[in-house]
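Analysis of the macromolecular model
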Amino acid sequence: MDANDKHESEQPSLESSGMELDESSEAALRADDFDEIYNTLVDEQPELEEETHGHYTWLIENWDQLEEKVYSPIFTIGETNWRILLFPKGCNQGEYTSVFLEYLAPAKVAMIEQAEAEKKRFGSTKIDPENYVDETYALCAQFALILSNADDPTVLQLNTSHHRFRTEVKDWGFTRFIDLRKLTQPSAAYARPFLENNRICVSACIRVMQDPTGVLWHSFVNYNSKKETGFVGLKNQGATCYMNSLLQSLYFTNVFRRTVFTIPTQNDSPTDSVAYALQRCFYNLQHESEPVSTTELTQSFGWNSFDSFMQHDVQEFNRVLQDNLEKKMKGTPVDSALNDIFVGKIKSYIKCIDVDYESSRVEDFWDVQLNVKGMKNLEESFRDAIQVETLTGDNKYYAEGHGLQDAHKGMLFESFPDVLQLQLKRFDYDMMRDMMVKINDRHEFPLEIDLEPYLSESADKSESHVYALHGVLVHGGDLHGGHYYALIKPTADSGWFKFDDDRVTRATLKEVLEDNFGGEAKVRHKNYIGNPFKRFMNAYMLVYFRKSRLEKILAPITDEDVPAHVSEGVKEERKRLEQKAREREQQHLYRRLFALSSDSFRANHGFDVVDFSDPAGLDEHKVVPTKIPKTATVHDLKVHLAELFERDPSRIRLWIMNTRQNRTVRPDILLEDESENVEKLREIHLHKQMDLRIYVEDIDTTNEDKSEVESNEEESESEKEECLLFLKYFDREKQMISGISTCVVDRTAEISILNSKVKKLMDWPDDTRINFYEEVKKSMVEKLSPELSFETADIQDGDIICFEIADEDEDEDEDEDEDQEQETETEVAEEDEGNDTLDVSSKAISQHSCKNALEYYDFLSHRLTVTFLPKDYDETKSPDNLDGCFKKVISSQYTYAELAALAAKELNVRPEYLRFTTTNYPSGTPRAEIKYFPDLVLRSVLTSAAINNQYTTILYEVLEIPLSELELKTHMTIDFLSDGISKDERLQFYVNQDGTVEDILSYVAEKLLLDEKQAGLLCLYEVYNHRILKVHSNLDSISDLNEFSTKFVEILPEDYFTDSEGNMTIAVQHFHRDVARAHGIPFLFKIFKGENVASIKKRLQERTHLPSVLLAKARVAILQANTLSQPYYLEEDAEIPFDELDSSLHVLGLDYPGRSTYKTYGNEQAIHMK
């Protein structure tokens, strides 16, 4: 890149720094003190590794004789060649001297030397080294450029910068290095000028940096991950970086990838099957050269765009994904394959010290959660995990048959899986702040770790338990969000790579380890004087492979491992995408057009020749989309369209259709010269319209009309003017307007000549009386007087004439008078957007029986197709398959009362019990409830889009009380629990706003047909975030209920309502490991003094009706009611600490070891997959 094109880089905070030193300073820097200048560079980038460094000074004599652009001699730093580029009078400006540093590739140095040799020998050369291009080289350097007085090195200007030198940007420096006025004049800082005796020095101090990853100071413009690393990334859909990092980790766990490929998915659809979508994603990662999309995968989860912008916890996502795959693998040859890869066993125990008694339990684990807070490294975290707690004093353990005993409590690992996923607990509860926070403390982890010391004595230790690090998932941010990326070692002998969404780069061990340990940075800039800060980017999940089984875990995946239906399906889709890409590339060579014929006109029963305002209905109207080369002539177009419509090219004429000022689209320009270029005609006549609309006229249809025109009165050709008209017919009996045919008339003839044409066309008797109307636009339909000429009536090419049989009962005189009044425009109602629509009689519309074409056009103008749907309809089903769905064609002038009456008749209910909600067009999402005003006009509450498109969806509710009474009510949603908490029945109803909880319970009792005793035992409590918020008394006001809570009602045993000595009613909630991960439905439970955990769990099964197997695995804990403090677990034989409990301060917790339901931290929503 030539220096003249260089952007300025004088930004001290980003790219460069500049200094002009006072010579009075005690430690004034000298231009020849290169050691100090070098130290300045090191201080700016202390963390980078250096290849070599050096300096060079260029003494310039005869400054005033320099050319506009001058190079220094080539100099060498280590094995690299450089030169200084100087613009004495400035580059792209004339106020500053410009100085740049240029790196010279070896081949360019050779070209320069050859060019100089030829100049010396022959006086000139054809070699231009500046044209040298080499896209393969890139060199990173940090440098200082110094301009100084040749005789006094303390007078200097120094600027520093760094750059990645490459062909595109081969030199870098400073456009405004020094003000030209300062060169020759002393300043306050220096008593002597920079330029003195026509001499000056320009020096360079250079640090050549190592670039092990190949991306140091890379702009990533045109960066190709596949080319640079051999791997591709995954596209981020908005906030799916957590998913991308995990997917890359799983992809490079080859044994997992091979297992996924063996899942039977031959009959699956990628948008409905997670396993099949994951197979296709993995195949694309293996074969694509560009970043891979995950849209198909998230669609298989059942996610929409909102879910893709919701960041989740990577651990939770991993478990939900594995759950889904496990279900798919049930009953297949790979039924337990995931367990073989990821599942280990852990043993929890309590062992008495003084007696021979031990209680233990062995459970599966899919990952290991390790504490970070207070732990220096991974080994300490493992030691903490198996730390032995001594139960003594008041905390003695009750051993069956031995009473209270001192005991040791702890856990040990029975086995570790081949692929060990370690979750570092970077999110923990802060007791001081009573909230979850991110722990950014330093926590080191090794490349290899021996886990044998953490195994139980009974574990199988015949094989080495040394594990090698192969993946680090990094999180940057805080509790509420951030960014994830993955550092992965793909093979046993490869280097490390950073997978950051769609970009893949090489990574150093420092980036893998030191940069992700967390804590304070070890290296800080010399000039940084702020307080130490902890790095927010740190390891969150570690993936270790068992070293003795690396060959199995990392066995290469070949094309033979990929199911044929997966590879073939992806290849077919790739071909389709490539074809679409080629079409897009060639799109500029073609012009898109929409072609229609008389068949299209006859298929139209609305306004205009064809309604182009409804793109979805063009196919129904037989409008054919196509394209032609922009080089095509009218003849080429005619041949193409004749083939499309199966016509003889010699028997058709083509018309360009144009949008008139009144917004109708009519044939306007006849294409007569077949040699003309169609694109030029478009530019001339339709320069603002990108797409062409062509009407194909059948000459056979109009030849007869033309012959009649020619046989009319003997007139000269100059006095005749042909006109193409479109004829529509209003059928009063069928209440329908239809396109019939086209005809050609002489504009000077009277409109009455249409009588004979129409009678012949429709095979009507000669005495049939016919009325004619001109359809000018939606808001203007005029009755035509037969005595007028077409020219007088301003009829022109493309106009539409609608005819009807005159009413036999009409009195001709009255008919003429009435027609005179209706001859001009009907009343127009102007919309905000400027669209014209007719003001129509609601009575006529509601009866849908129009006397004449005028009334029917009125109806068409306000016609509205309404789809009525129940408000609680199933959105996953098509409306046509829903019960309670019906469609009606009505007028947008309907009143609320008319709308309610129409819907009530269809639903067989009373109108006053209906409530309606409008929707957005075209999404159909709920918009706003329609307030009850009987005379409210429907169009006033509809969106302009719905009115213009004459279609809308209205949601309805059938109320239990009249709508007028509803204003005094409040809506309640109650979940009634029966059969313990295993069944949940949702009730929705209305109660008086000034009522009490007793009113709610009375409704529930009546609705569920409860007897008097059962009704008296009903209790209502509110739940928020899976915790009981409040238990209400019957006298509590409805206004006391929290609008964001879930309200549960259940029948409780009578003794639950009062506590007596020795028993207590306490809240119970479900969680998983962390109290913040609450799930399920909490409930009330009666506990008794002296009862042990085993007895409580038995009664819990009776109370909840949950599976006994599930409760048997659950651990019982004591929780703080209003905080997220750590749980206090109780062992199976332990007695509950009744005297220490307070039902207002404590909660009983059930910690389930399974992976069924999880709730994430912060404001995240639980992950769901269908």
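Residues numbered from 1 in each chain as written. Predicted model: local features only at pLDDT ≥ 70, side-chain atom pairs only at ≥ 80, totals over all residues. Heavy atoms only, no water.

Going by what an unreviewed UniProt entry lists, the protein is known as ubiquitinyl hydrolase 1 and is assigned to Schizosaccharomyces japonicus. Regarding the protein, the UniProt comment filed under Subcellular location (unreviewed entry) reads as follows: "Nucleus". (UniProt positions renumbered as here; feature names shortened; annotations may be inferred.)

On a plain count of helices and strands, the protein comes out with 30 helices and 53 strands. Counting across all 1170 residues of the protein, residues that qualify as buried make up 50%. Of the contacts made within the protein by residues no fewer than 6 positions apart, 68% connect residues no fewer than 24 positions apart. When the accessible surface of the protein is totalled, it reaches about 57,000 Å², and 46% of it is carbon and sulfur. (Helix = DSSP H or I, 4+ residues; strand = E, 2+ residues; numbered from the N terminus. Buried < 20%, exposed > 50% of the residue type's maximum accessible area, 1.4 Å probe, protein only. Contact = heavy atoms within 4.5 Å. Areas by Shrake-Rupley, 256 points an atom, 1.4 Å probe, with all protein chains shown as cover.)

So, about helix H15 (residues 564-585). Compared with the 32 Å implied by 1.5 Å per residue over 22 residues, the 31 Å span of H15 between its first and last C-alpha is a close match. Here H15 has its buried residues at His 565, Val 566, Ser 567 and Val 570. On its buried face, H15 sits against helix H7 (274-287). (Expected span 1.5 Å × (residues − 1).)

A word on the pairing of strand S44 (residues 969-978). Relative to strand S45 (residues 983-992), S44 is paired through ten bridges, and the arrangement is antiparallel. Bridging from a neighbouring strand, Ile 974 pairs with Leu 987 of S45. Counting the residues that bridge the hairpin from S44 to S45 gives four residues, and of these Asp 979 lies at a positive phi of roughly 55 degrees. Sheet topology places S44 next to strand S48 (residues 1046-1051); four bridges connect them, and they run parallel. Bridged to Leu 977 within S48 is Glu 1050. (Pairing = 2+ DSSP bridges.)

So, about the sheet that holds strand S33 (residues 736-746). The five strands lie next to each other as S33-S32-S36-S34-S35, forming an open sheet whose pairing is mixed. Strands with a single pairing partner mark the edges of an open sheet, and in this sheet they are S33 and strand S35 (780-783). Adjacent strand axes in the sheet meet at a mean angle of 30 degrees, parallel and antiparallel pairs treated alike. Here helix H20 (residues 754-762) sits on the sheet and contacts strand S32 (722-731), S33, strand S34 (770-777) and strand S36 (800-805); the angle it forms with S33, its principal contact strand, is near 130 degrees. Lying on the sheet, helix H23 (residues 853-862) is in contact with S32, S33, S34, S35 and S36; it crosses S33 at an angle near 120 degrees. (Axes fitted to C-alpha atoms, helices over the stretch in contact; angles between N-to-C directions.)

What describes a pair of aromatic rings is the distance from one ring centre to the other and the angle between the planes of the rings. Scanning all chains against the criterion turns up 47 aromatic pairs. For the ring pair Tyr 103 and Tyr 137, a centre distance of 5.5 Å and an interplane angle of 55 degrees mean the geometry is tilted. Of the two residues, Tyr 103 sits in strand S6 (residues 96-104) while Tyr 137 sits in the loop between helix H2 (106-122) and strand S7 (138-148), which places them 34 residues apart along the sequence. Judged on exposure class, the residue Tyr 103 and its partner Tyr 137 are both buried. For the ring pair Phe 382 and Tyr 454, a centre distance of 5.0 Å and an interplane angle of 20 degrees mean the geometry is stacked. With Phe 382 in helix H12 (residues 378-385) and Tyr 454 in the loop between strand S21 (448-450) and strand S22 (466-478), this residue pair connects regions lying 72 residues apart in the sequence. Taking the relative accessible area as the measure of exposure, Phe 382 reaches 0% and is therefore buried. Taken together, the ring pairs connect Phe 231, Tyr 251, Phe 252, Phe 256, Phe 282, Phe 342, Phe 497 and Phe 499 into an aromatic cluster. (Phe/Tyr/Trp six-rings, centres within 6.5 Å; stacked < 30°, edge-to-face > 60°.)

With that settled, consider the sheet that holds strand S12 (residues 358-365). What links the strands of a sheet is backbone hydrogen bonding, and the strands pair in either a parallel or an antiparallel sense. Taken in spatial order, the four strands line up as S12-S11-S17-S14 in an open sheet, and their pairing is antiparallel. At either margin of the open sheet sits one strand with a lone partner, and together these are S12 and strand S14 (389-391). Taking the axes of each pair of neighbouring strands and ignoring which way they run, one obtains an average angle of 25 degrees across the sheet. With eight bridges joining them, strand S11 (residues 344-352) and S12 adopt antiparallel strand pairing. Counterpart to Tyr 349 in the pairing with S12 is Ser 360.

Below, the discussion takes up the pattern of salt bridges. If you walk through the whole model with that rule in mind, you get 59 salt bridges. Asp 698 is the salt-bridge partner of Arg 647, the closest N and O atoms lying 2.7 Å from each other. Of this pair, Arg 647 sits in the loop between helix H17 (634-644) and strand S29 (652-659) while Asp 698 sits in strand S31 (residues 692-698), and the two are 51 residues apart along the sequence. A residue is classified by how much of its surface remains accessible, and Arg 647, at 22% relative accessible area, is partly exposed. Its salt-bridge partner being Glu 957, residue Arg 915 comes within 3.0 Å of it at the nearest N-O pair. (Salt bridge = Lys/Arg side-chain N within 4 Å of Asp/Glu carboxyl O.)

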